[in-house]
Every structure is written in C-alpha cells, then in structure tokens.
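Observations on chain architecture
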Number of protein chains: 2
Amino acid sequence: MMMDAMKNLYIDTGRLVAELHELAAFSSCPEPTPAVTRVVYSDEDRAARQWFDGLFRDAGLSVRVDPIGNTFARWCPDGCDADAPAVGSGSHIDAIPHAGMYDGTVGVLGALEAVRALQRAGHRAKRPIDVVLFTSEEPTRFGLGCTGSRAMAGQLPADRLALLTDDAGDSLDAVRRRAGYDGDLAGVRLSDDAYAAFVELHIEQGPKLEEEGLDLGRVFAIAAPSTINFVVTGQGGHAGAVLMPDRHDALCAAAEMIHAIEQLCRSSPSPDCVATVGTMDIHPHAVNSIPSRVAFSLDLRDIDGVNRDGVCEAIVGENQRIAARRHVQVEHSVLNADPPADCDGPIVEALAEAADAGGYTHRGMVSRAYHDSLFMASRFPTAMLFIPCRGGVSHRPDEFAEPRHLEAGVATLARTLATLSGS
Amino acid sequence: MMMDAMKNLYIDTGRLVAELHELAAFSSCPEPTPAVTRVVYSDEDRAARQWFDGLFRDAGLSVRVDPIGNTFARWCPDGCDADAPAVGSGSHIDAIPHAGMYDGTVGVLGALEAVRALQRAGHRAKRPIDVVLFTSEEPTRFGLGCTGSRAMAGQLPADRLALLTDDAGDSLDAVRRRAGYDGDLAGVRLSDDAYAAFVELHIEQGPKLEEEGLDLGRVFAIAAPSTINFVVTGQGGHAGAVLMPDRHDALCAAAEMIHAIEQLCRSSPSPDCVATVGTMDIHPHAVNSIPSRVAFSLDLRDIDGVNRDGVCEAIVGENQRIAARRHVQVEHSVLNADPPADCDGPIVEALAEAADAGGYTHRGMVSRAYHDSLFMASRFPTAMLFIPCRGGVSHRPDEFAEPRHLEAGVATLARTLATLSGS
C-alpha cells in the first residue's frame, strides 16, 4: 500500500558518498583518509556528532540525546502518531585505530538519506521514524563493545556502565561528563514500547555477497560474541643472565597459548567459530629484559553459542595446562559472553519484498560480526541489511563499498521503513 | 708495594648504601623506590648527573664530559703523571623501565668510594685514576646497548651515532643537544693511550655466586650479545567476519616464531645460549581486529660467538618457513652482533690478589650479561669484578646486593686500582 508513494523514491547517492567522505575527515589517524581513527568521546567524535546535529536539523528531524550520547533524530510528520512505538534505523560512528570509512557510518548516514528519500517521495508515516546514532559500538576505549546499545537494551546496569574504565584509568562516567553528557545513567534504558521495529544497514565485513555477485544480504541471525582477558605472570630478569632452563618467561607462555587458541578454534566442529588475539601488553617491555607479565585479549565468536562456550572452556583449560607446565600463572576474566540473536521474521521478509521491489538481488545470511542490533534484538523486533564490501575487508583503511551498493542498501532500507511505519 | 698504604684501607659502606638510595630517587617510575626507571637524557638522568657532579667535586676530582655525556672524574694527586695512560673504573646509571637500584650504579658509586678510600689510605697514584660514567648502556631509548662505550671504543662511527633514533623519532644528536651536550661526535672516540687498564664493578645479575656462597667473581670473559628486529606482515580484518582458514594473522605467526626461537635456543649445543623476546608491537592493536603487522625484538647471547651466530641463522630460517606456510611476510634486521670479549689476564690476576688480601672468597666466571667493559676490552686491558645479588635477580625492583658484598667489591676494587695505578 505504501508502494504508491515509493514509485517516486529517489536516493541521492552522490550526496551520501560526499557525506561519508566528510565524516571520514573527523579522524585522529596520523594517515590521511580513507584511514580513520575516531575514538568515542574524543575531540573528533564530538566534532562529528556536532556535524550530524546540523544534518539532522536540516532534514527537519527533532533530536534527543541520552545521558551517554546515544542520539535519536526523529521524523514525525503530519498524520504520524507521536506516541506510537517508533521504527528505528541506525548504527555507530566510532572507528577503531587505523580503520576505514564505511563500518557503522553507512548505517547512520544511510538511514538519514533513507528518511530524506521518504520525505521527498511524500511518504505518510503513521509512526515516528528514528535515525539512531549509537555511542561506543567499538570496544576500543572501554574494552566492551556496544556500550550504548547494551545500556539501551537494559543489559548493562547503570552502575556497571558508570564504572567502565579506559586505559588512562578514567571512568566512562567521568569521560562522558567531560564530553558534555550528563543526566542519570539509568535513563539510557529504553522503555518496552520505544520501538515497533529496528533495522540496521551495514557493510557485510565479509566476502560472501561479493563472491556471489549479490546486491544485498538479509541478516536473519547475529553471531554470539565473547571477550576474555588473560593475564600471564611469570618471572622477569636480565635477558643475558638467566639460563633458558631457569626461565619462566611470560611471553613464551603467552605465545604458546596464542598458538593453542588458534588450533582449538580451527579444530572446533563449527566452521563459523573465530578467535582473535588483537591486543597484547608486555611488562616491562624492554629489549634486554625477560617479560614478567603479559596481558592479552581474546575475541571469540560463533553463530552457535554452545559451541563457542565449549571452545572457550577448552582454551581456558589448555592455557592453564601450558601455565602449569611452565610454572607461570594465568588468570582470565570474561568481559562479555553474549548469546546469539535471531532476527525478526516479518522484518526480514519486509527486507526481501523491498529488495525485490527495487530489482535488487539478495540472499539470507548470518552476521558473524556483532552489531548494536544484537542488543536491540533482545528487546525489539530487529533485522539487519548488508551490502557488499570489496574483498570482504573491514577495520582497515582499504575498506570500500561501491556507490551502486550503497544506493541499493538505502533504497531497500527506505522501502522497508515505509512498510514498517505505514501501519 | 702498594699494600703498605692499603693496611689503612677503610670502605665507608654506610655512605655508599645511602648514596645508592639517593640515586634511586632520580626515577620516573610511577612506583616508589626500589623500583627505578631512568632513561638516558631524561630529566631524571640529567638530575642524577648533576648530583654526581657534586659528589665528584667534593672528592676533589676533575670532571670531563664528552659530547654525548660520557663523564670522566679524574683523580691525579701530587706525584701522579698527568700524561700517563690512566686506570679507569666505572659503569652506567641509566635504568630500564621498572628496574632495580643496583645494576650499573654500584659500578659508578663503587668506583667513587674506592677512590675516596684510596685518598683516605694515602695511596700515591703514579697514573691518574678515572671514575667513568658511561652514557646509555641500556638499549631502552635508542635500541642499541652500550652506546657510549661503543663510541668511546671507536666501534660506532660518529655519523651512525648521530642518527640513532628514539621512539619519538628524535635523533640521538638532537636529543643530546636538548640535554645540554654538544661538540663534535667524532670526539667521543678515546685515544689509544687513554687507559692502561679498566675495571668494572657490577652485580652478577645471575645466581652463581650466591648459590656457592662466594663473595666475589673475577670475570675473565664477556658473552657475545646480538639484537635482531623482526617485522611480520600479514593481513588485517574484522575479528568477527574473516573465517579462520582465510586468515593471515601476523600475531599468530609471531607467536609461532617466538615458540620456535625458544626451542631452537634451548636445543643449541651451548648451554650458555640465551634468547629473549622482550618487546612486541602489534598493529592496529584493537580487541576486535586481526593483527596485520607485528614487530618484535630478539636479544640473543652466547659465550660462544660462533654458536650464537649459528642459532641466529637457524631462527631466521625457521621464521621464514613459518611465514611462508602462513602466507605472511617476515623481515629481519640485525641491530648488533658483537663478538665476545676476553678479559685481560694480568688484571684478572690482580683482582684475585686483591680479593685474597681482603680475605674474600672468589672464583673466575664469565659474564653472560654484556656491559660497557665488552667495548672497553676491545681497546684497553679490561676486566670485571662481580658481587652476588639476591636470587640472581636483576632488571627488577627486587634486585638487591648485601652491604657486606658491596664492601667486599669496593675494597677489592680499591686494592686493584692501587696496584694498577702504582707503577
């Protein structure tokens, strides 16, 4: 029924691409764009949010910012029931060090362009449409991914949220206040009737769509992520003076553990299980000193949450055996172990219909990367829409999505938002 | 003949211990003493040198400082031939991050106390005695150990010395100028007749003397140190999206290399061969990003230089095989590969006689740690004198030498300097 207005749907892809480039320039990365670093609450993040504020207001959207900076830009035209549960679409704009310019940003600027397209097409929304900008999806600063959406979904209590700490030892509560956000952190949690539906547009961050020559992916499930921190404590000493049999080198032990993690993950029954050790801190970190303490992070994911937990258990056990054999200590702490999420069937179906209406090819798929949608899905009917990215590459400066795929994604998102907000 | 004056030899051990504690307070380590961090040319290093300047002048020594801060505090009493090759004794005062308060410092303050003791005992030196403070023995700042002594020995040409670079990208030449040192770097090289003999007092940094209940070690050889930097380049990507078989994780490759280094070193024919990976830098260093580049250092030493070079070759070959199998690249650069040094027989013998004269127990031994003496030995007759340290521990805050061993070391050093300067 909404398809009548949708005949006039026009996506301003040129403007969207230009905005993606403008956004990329808010970066602290020493390399030029497309390399991007945008850490939550940094000067660059704050400047980017201010820039967004202008875009939202230019589109006639009313902006609400919650106590940690999650931003809701609402379109509620004449005839729209302002009190009805809204339809939401959005993603994040923070970027890990030396990342690219499409991860997350496509979902926020794409949702904005979808709303502008609906406005131009004369869509008559019966419920509000929110463009959502989530705070701190990346774990870069506070060690925990999806901070904003976790708290919105009620899965991160206000006291734990306040005490998340960055490497400088500053609490999230202190940092957000310095960044200009205040108010009771308990207010971040959304009410049960906040959203009737939520859809996130995102680059695939994997190679499947490109390999199969498809325009779009309908995400029907999101993998279960888990983050575990390990600390290995051995015995330091002078690199010249302690003979090899007398050593309890924390880095040699950690190296053996990292090798074991790789092997245990590769040999797990689930082909979708992935394990990544991305950070490592060595003490005292001197060329001529035996490492006495090594801390490293493990990012472990699987579509099958039970398999993931089994692999995690096997890794912890093997690391303890390696430590015992080497007479070093190992401790671990589970930062998060989230369950996988099933997406909402009717929304996934709406995505299929919208893709067909635009003449785009598509397939159903799972997201192995996790997203704010993982947490939105725990409270509200949720799905995701993927577009291809070159070589499946993400979290790197050469991350790239073609304009025609951006257009396919935004057009399909717009049609889906029209359907979801039309009744 | 010198032993007459030596009957009156008195070591002020209490003052020496107090001075070691005063020196430890010149530290940028966030932890209190005995934890010490003193990086060359830092504010703490410069303040410590100023403090030394006062001590030297109080002892009536004339101070010469060379263009990179190597400091020579000379005692040339009446009857001493100011033009004769001198007798030198000294060590370094820079300390790696989170180190202890005895490594190096005992050799500088000990030499000063030895000279003060000789003055009190009425020793009539026939040639000058220099207390030497070497600049930048630790490789912490410029990546290369024994910068000062290398250059003094003529093994580090002025142009290469000038261009050594710290992590901030600043050249040694620029940094030394900011620290107040200038003059032609070619002037650091000592003339052939600078020293008739050189002796360095040092803590053992190993457990042998303590285990055998001995007071002193006469060092007759110094192990050959080598430093090699490796850079592994793989492929980055999102931790969630790239399946295990598709990965070329630089850290997983580096972990396997570190394990191989440990095994190759342990299985080498020489029991004295030691290998240490002490530093590692991971790019991009994010929890949810596959490492694309890992750089790590290898410190490799052996008393047997030929065996060390063989192990090094085996490590380089094995790392290349690991890299090829994983479809990543590895590059290496040899920062230094110094030959081992034999100490001077007559000086080692003089140490034995001096130890016997004081009633101290002692043994001959090799130094597995390297020291400025390694480079002094390439130009001048040189030996070292070791005192025990608790548990063989060094480069850690719990590094400790007992006052009675400090006294044994300084008394024996003083008697040796008396012998060497008496004719």
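Residues numbered from 1 in each chain as written. Chains lettered and ligands numbered in written order. Predicted model: local features only at pLDDT ≥ 70, side-chain atom pairs only at ≥ 80, totals over all residues. Heavy atoms only, no water.

With that settled, the discussion passes to the overall build of chain A. Secondary structure assignment for chain A yields 13 helices and 18 strands. Compactness check: chain A gives a C-alpha radius of gyration of 23 Å against a globular reference of 22 Å for 423 residues, within 12% of the reference. Along the three orthogonal principal directions, the C-alpha set of chain A runs to about 80 × 45 × 40 Å. Across the 423 residues of chain A, 64% fall into the buried class. Positive and negative side-chain charges in chain A, numbering 37 and 59 respectively, have mean positions lying 1 Å apart. (Helix = DSSP H or I, 4+ residues; strand = E, 2+ residues; numbered from the N terminus. Rg over C-alpha atoms; globule rule 2.2 N^0.38 Å. Buried < 20%, exposed > 50% of the residue type's maximum accessible area, 1.4 Å probe, protein only. Lys, Arg positive; Asp, Glu negative; His and termini not counted. Charge placed at Lys NZ, Arg CZ, Asp CG, Glu CD.)

What follows concerns the domain arrangement of chain A. Residue and element names in this part refer to chain A. Split by domain assignment, chain A resolves into domain 1 (2-223 + 340-421) and domain 2 (225-337). Put simply, the middle of domain 1 and the middle of domain 2, counted by C-alpha atoms, are 34 Å apart. Every contact between the two is made by eleven residues of domain 1 and, on the other side, eight residues of domain 2. The contact between domain 1 and domain 2 buries some 910 Å² in all, and 63% of this surface belongs to carbon and sulfur atoms. Taken as a group, Ala-223, Arg-368 and Tyr-370 account for 49% of the area that domain 1 buries against domain 2, more than any other trio of residues on that side. The interface formed by domain 1 and domain 2 includes one salt bridge. Across the salt bridge formed by Arg-368 and Asp-272, the nearest N and O atoms sit 3.0 Å from each other. At the surface where domain 1 touches domain 2, the tally comes to one residue pair in polar contact (both at pLDDT 80 or more). (Domains from an automatic or database assignment. Contact = heavy atoms within 4.5 Å. Buried area = accessible area lost by both parts, 1.4 Å probe. Salt bridge = Lys/Arg side-chain N within 4 Å of Asp/Glu carboxyl O. Polar contact = N/O pair within 3.5 Å; in protein donor to acceptor, adjacent residues only side chain to side chain.)

Each of the two chain copies can be brought onto the other by rotation about an axis and movement along it. Overlaying chain B on chain A yields an RMSD of 0.1 Å, the required transformation being a rotation through 180 degrees with an accompanying axial translation of 0.1 Å. Both copies are brought into coincidence by an operation consistent with a two-fold rotation axis. Ranked by how close their C-alpha atoms come to the rotation axis, the residues of chain B are headed by B:Ala255, at 2.2 Å. Comparing interface residues between copies, 100% of those in chain B also lie at the interface in chain A; the contact surface is shared. (Least-squares fit on C-alpha atoms with pLDDT ≥ 70 in both.)

Here we come to the interface of chain B and chain A. Size of an interface, as often reported, equals the accessible area lost when the parts are brought together. Counting residues at the interface gives 59 residues for chain B and 59 residues for chain A. Summing both partners gives a buried area of about 5300 Å² for chain B against chain A, and 60% of it is carried by carbon and sulfur. Contact with chain A buries area across many residues of chain B, yet B:His238, B:Met244 and B:Val287 alone supply 13% of it, more than any other trio. Taken together, chain B and chain A are joined by two salt bridges. A salt bridge links B:Glu262 to A:Arg326, with the shortest nitrogen-to-oxygen separation between them at 2.7 Å.

Let us look at the pattern of salt bridges. For side chains bearing opposite charge, pairing can occur when the charged atoms are close. Here the structure, examined in full by the defined rule, presents 46 salt bridges over all chains. The salt bridge partner of A:Asp173 is A:Arg176, with a shortest N-O separation of 2.8 Å. Taken together, the residues span about one helical turn, with A:Asp173 and A:Arg176 both in helix α7 (residues 172-178) at a distance of three residues. In this structure, B:Asp173 and B:Arg177 form a salt bridge, with 3.5 Å as the shortest nitrogen-oxygen distance. Taken together, the positions of B:Asp173 and B:Arg177, both in helix α7 (residues 172-178) and four residues apart, correspond to about one turn of that helix. With relative accessibility at 45%, the residue B:Arg177 sits in the partly exposed group.

Looking now at the environment of A:Asp281. On the secondary structure map, A:Asp281 appears in strand β12 (residues 280-283). Residues A:Asp281 and A:Phe296, 15 residues apart in the sequence, show an inter-C-alpha distance of 6.4 Å. The contacts of A:Asp281, once residues within four sequence positions are left out, are A:Arg293, A:Val294, A:Ala295 and B:His285.

A few words now on the pairing of β12(A). In summary, the side chains of a regular strand alternate between the two faces of the sheet. Residues and elements named next belong to chain A. Every second residue of β12 is oriented toward a common face, the buried set being Met-280 and Ile-282 and the non-buried set Asp-281 and His-283. Both β12 and strand β14 (residues 293-302) contribute to a ladder of four bridges, which runs antiparallel. Bridging across to β14, Ile-282 finds its partner in Val-294. (Pairing = 2+ DSSP bridges.)

Attention shifts here to the packing of aromatic side chains. Residue and element names in this part refer to chain A. For the structure on display, the rule yields 20 aromatic pairs over all chains. Taking the centre distance of 5.9 Å and the plane angle of 85 degrees together, the rings of Tyr-102 and Phe-400 count as edge-to-face. Here Tyr-102, found in the loop between β5 (95-99) and α4 (105-121), pairs with Phe-400, found in the loop between β18 (382-387) and α13 (403-421); they are 298 residues apart in sequence, far enough to count as distant. Note on Phe-400: relative accessible area 27%, which makes it partly exposed. Aromatic rings pair up to connect Phe-26, Trp-51, Phe-52 and Phe-56 into one cluster. Across the ring face of Phe-72, the terminal group of Arg-64 is positioned such that the distance to the ring centre comes to 4.2 Å. (Phe/Tyr/Trp six-rings, centres within 6.5 Å; stacked < 30°, edge-to-face > 60°. Lys NZ or Arg CZ within 6 Å of the ring centre and 35° of its normal.)

This brings us to the packing of helix α9 (residues 250-266) of chain A against helix α9 (residues 250-266) of chain B. The N-to-C vectors of α9(A) and α9(B) enclose an angle of 130 degrees; their axes lie 8 Å apart at closest approach. On the basis of their axis angle, the class for α9(A) and α9(B) is oblique. The crossing of α9(A) and α9(B) is left-handed. Where α9(A) approaches α9(B), its residues A:Leu251, A:Cys252, A:Ala255, A:Glu256, A:Ile258, A:His259 and A:Glu262 are matched on the opposing element by B:Leu251, B:Cys252, B:Ala255, B:Glu256, B:Ile258, B:His259 and B:Glu262. (Axes fitted to C-alpha atoms, helices over the stretch in contact; angles between N-to-C directions. Parallel < 35°, antiparallel > 145°, perpendicular 65-115°, else oblique. Left-handed = near helix turned anticlockwise from the far one by under 90°.)

Each pair of packed helices gets described by two things: the angle between the helix axes and the distance between those axes. Residues and elements named next belong to chain A. Where helix α2 (residues 13-24) contacts helix α3 (residues 43-58), the two axes come as close as 10 Å, and the packing angle between them is 150 degrees. Between α2 and α3, the interaxial angle falls into the category roughly antiparallel. Where α2 abuts α3, its residues Glu-19, Glu-22 and Leu-23 lie against Ala-48, Trp-51, Phe-52 and Leu-55. Considering only residue class, the contact of α2 with α3 consists of five nonpolar, no polar and two charged. (Nonpolar A, V, L, I, M, F, W, Y, C, P; charged D, E, K, R; others polar.)

Quick look at unusual backbone geometry now. Residues A:Thr33 and A:Pro34 are joined by a peptide bond in cis, for which omega reads 15 degrees. By the secondary structure assignment, A:Pro34 is in the loop between α2 and β1 (36-38). Between A:His283 and the following residue, A:Pro284, the backbone shows a cis peptide bond with an omega angle of 5 degrees. The topology assignment puts A:Pro284 in the loop between β12 and β13 (289-290). We note that A:His98 has phi near 60 degrees; this positive angle belongs to a residue other than glycine. Within the secondary structure layout, A:His98 lies in strand β5. Residue classification places A:His98 among the buried positions, given a relative accessible area of 18%. Even without a glycine there, the phi angle at B:His285 is positive, about 60 degrees. Looking at the element boundaries, B:His285 is found in the loop between β12 (280-283) and β13 (289-290).

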